[in-house]
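Coordinate inspection notes
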Amino acid sequence: MSLLIEGLGLSYGARSILQDLTLPVVEAGSLVGLLGPNGVGKSSLLRAIAGLQACRGVAQLGPSTLSGVPPWRQQAQVAYLPQQLPQAVSLLAYESLLAAARARCPQLASHELTARVEAILQRLGIEHLALLRMDRLSGGQRQLLGLAQALVGEPQLLLLDEPTSALDLHWQLRVLDCVAERCRNEQAIALVACHDLNLALRFCTHLLLLAPGGAYRFGAPAEVLDAAWLRRAYAIEARIEHCSLGQPLVLADSPLLKEAPPHAQ
Ligand SMILES: Nc1ncnc2c1ncn2[C@@H]1O[C@H](COP(=O)(O)OP(=O)(O)OP(=O)(O)O)[C@@H](O)[C@H]1O
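Anyway, here's the lowdown on the structure attached to this text. This is a predicted model, so every value here is computed, not measured.

Positive phi outside glycine occurs at D20, with the angle close to 50°. Along the chain, the position of D20 falls in strand β2 (residues 15–21). Unusually for a residue other than glycine, E154 sits at a positive phi of about 50°. With respect to the helices and strands, E154 occurs in the loop between α4 (139–151) and β7 (157–161).

So this is what it looks like as structure tokens:
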């Protein structure tokens, strides 16, 4: 199923955050990195697509309208992982995953639900967390569990808000590898908000870069990130270099200090 975003706009009161965002059709199998400076509207956009934030315009997955319809009414097609870590409750990690799987896929029998839970624990490599209480997990461990909760329903659209922000380098690579594999093998689509441009360059098939003032750029990673757009979006001087494996890397040299970036005000 493809994702259609057309004329999307959203405001908080009189303050406009996004205006008229229209993307080329996002094809099944795409992993889209959602980039841009603090406060530009990445989380708001993800919430709008998830149906959790009022917006104008169209967000549609295949034939289903998403905007205005919260994820729990979208028949397990959409999973949204917020920036906030899952709450530190006394449930075991395994129980929380089983509850997430049951909520997402009420039609599955018990043995199918437990098979789903065990598969995702194994795929993410977090079997060691299964029998730990959520309120005894570290921040990074809770983030991994949140991602497992999002993936256990095998959604067609993953909306992930900074899913690697609390993770060390090993887990950052594993998590993005797992998301990329789901996109590739199951023809799912993922929109992943991220501040690590090099991680995005490495894993994403497309990037959407939001800049202050409503400008945006969408396309293949190497086309979207150049020195001019990095300056415009992040108010930095930066270079794109290539490593010994030929992979593009962003090297941020200095912030532009003459004027405060408008999004920080
Ligand atoms: N509930 C709200 N009410 C009013 N304004 C809000 C609300 N949520 C967010 N905003 C404002 O909307 C703008 C966009 O916020 P959003 O959280 O979408 O940005 P972001 O790009 O995800 O930022 P970050 O990278 O810091 O997480 C910010 O200026 C923020 O202050």
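Next comes the rest of the account.
Counted according to the given criterion, the structure contains eight salt bridges. Across the pair D226 and R217 runs a salt bridge whose closest N-O atoms are separated by 3.0 Å. For E237, the salt bridge identified is with R231, shortest N-O distance 3.1 Å. Note on E237: relative accessible area 27%, which makes it partly exposed.

Glancing now at the side chain of R142. Note on placement: R142 falls in helix α4. Residues within four places of R142 in sequence aside, it is in contact with L85, P86, Q87, A88, M134 and L137.

Before going further, it helps to spend a moment on the nonpolar core. Ranked by internal contacts, the top residues of the largest apolar core, which has 61 residues, are L35, L124 and L225. A per-element tally of this core places helix α5 (residues 169–186) first, with seven residues. The residues contacting L225, other than those within four sequence positions of it, are L35, L197, L201, L207, L209, L230, I240 and V250. The next biggest cluster of nonpolar side chains, apart from the first, holds 29 residues, and it includes L23, V26, A50 and L191.

Another point: the packing of helix α2 (residues 93–104) against helix α3 (residues 110–124). It is the contact of α2 with α3, at a shortest axis distance of 9 Å, that shows an interaxial angle of 120°. Classified by the angle between their axes, α2 and α3 sit oblique to one another. The crossing of α2 and α3 is right-handed. Counted together, Y94, L97, L98, A101 and R102 of α2 and L113, T114, V117, E118, I120 and L121 of α3 form the full contact between these two elements. Residue classes in the contact of α2 with α3 are distributed as eight nonpolar, one polar and two charged.

With that out of the way, let us pick up the packing of α2 against α4. It is the contact of α2 with α4, at a shortest axis distance of 8 Å, that shows an interaxial angle of 25°. By the angle between their directions, the pair α2 and α4 is classed as roughly parallel. Our pair here, α2 against α4, has a crossing hand that is right-handed. On the side of α2, the interface is formed by A93, S96, L97 and A100, while α4 contributes L145, A148 and Q149.

Quick look at the site of the ligand now. The environment of the ligand is made up of 15 residues, and the closest members are R15, G39, K42, S43 and S44. Between K42 and the ligand, the recorded distance is 2.7 Å, taken from a side-chain N or O atom to an oxygen atom. One of the side-chain nitrogen or oxygen atoms of Q83 is found 2.9 Å away from an oxygen atom of the ligand. Within the complex, the protein chains bury 64% of what would otherwise be the 640 Å² of accessible surface of the ligand. Counting residues per element, the ones that place at least two in the shell around the ligand are β2 and α1 (42–49). Of all the elements, α1 adds the most residues to the shell around the ligand, at four residues. Of the residues belonging to the shell around the ligand, the class tally is four nonpolar, seven polar and four charged.

Since the α-helix turns once every 3.6 residues, residues separated by three or four places project in the same direction. When the terminal C-alpha atoms of α3 are compared, their 21 Å separation across 15 residues agrees well with the 21 Å that a helix rising 1.5 Å per residue should span. Along α3, the residues classified as buried are L113, R116, V117, I120, L121 and L124. Viewed along the axis of α3, the buried residues span an arc of 125°, placing them on a single side of the element. Of the exposed residues in α3, the ones pointing more than 90 degrees away from its buried face are H111 and Q122.

Let us now look at the packing of aromatic side chains. Inspection of the entire model under this criterion finds zero aromatic pairs. Sitting above the plane of the W229 ring, R232 keeps its charged end 4.5 Å from the centroid.

Reading the values: rules and limits
Residues numbered from 1 in each chain as written. Predicted model: local features only at pLDDT ≥ 70, side-chain atom pairs only at ≥ 80, totals over all residues. Heavy atoms only, no water. Helix = DSSP H or I, 4+ residues; strand = E, 2+ residues; numbered from the N terminus. Salt bridge = Lys/Arg side-chain N within 4 Å of Asp/Glu carboxyl O. Buried < 20%, exposed > 50% of the residue type's maximum accessible area, 1.4 Å probe, protein only. Contact = heavy atoms within 4.5 Å. Core = buried A, V, L, I, M, F, W, Y, C linked by side-chain atoms within 4.5 Å. Axes fitted to C-alpha atoms, helices over the stretch in contact; angles between N-to-C directions. Parallel < 35°, antiparallel > 145°, perpendicular 65-115°, else oblique. Left-handed = near helix turned anticlockwise from the far one by under 90°. Nonpolar A, V, L, I, M, F, W, Y, C, P; charged D, E, K, R; others polar. Near = heavy atom within 4 Å. Polar contact = N/O pair within 3.5 Å; in protein donor to acceptor, adjacent residues only side chain to side chain. Areas by Shrake-Rupley, 256 points an atom, 1.4 Å probe, with all protein chains shown as cover. Expected span 1.5 Å × (residues − 1). Arc of directions from axis to C-beta. Phe/Tyr/Trp six-rings, centres within 6.5 Å; stacked < 30°, edge-to-face > 60°. Lys NZ or Arg CZ within 6 Å of the ring centre and 35° of its normal.

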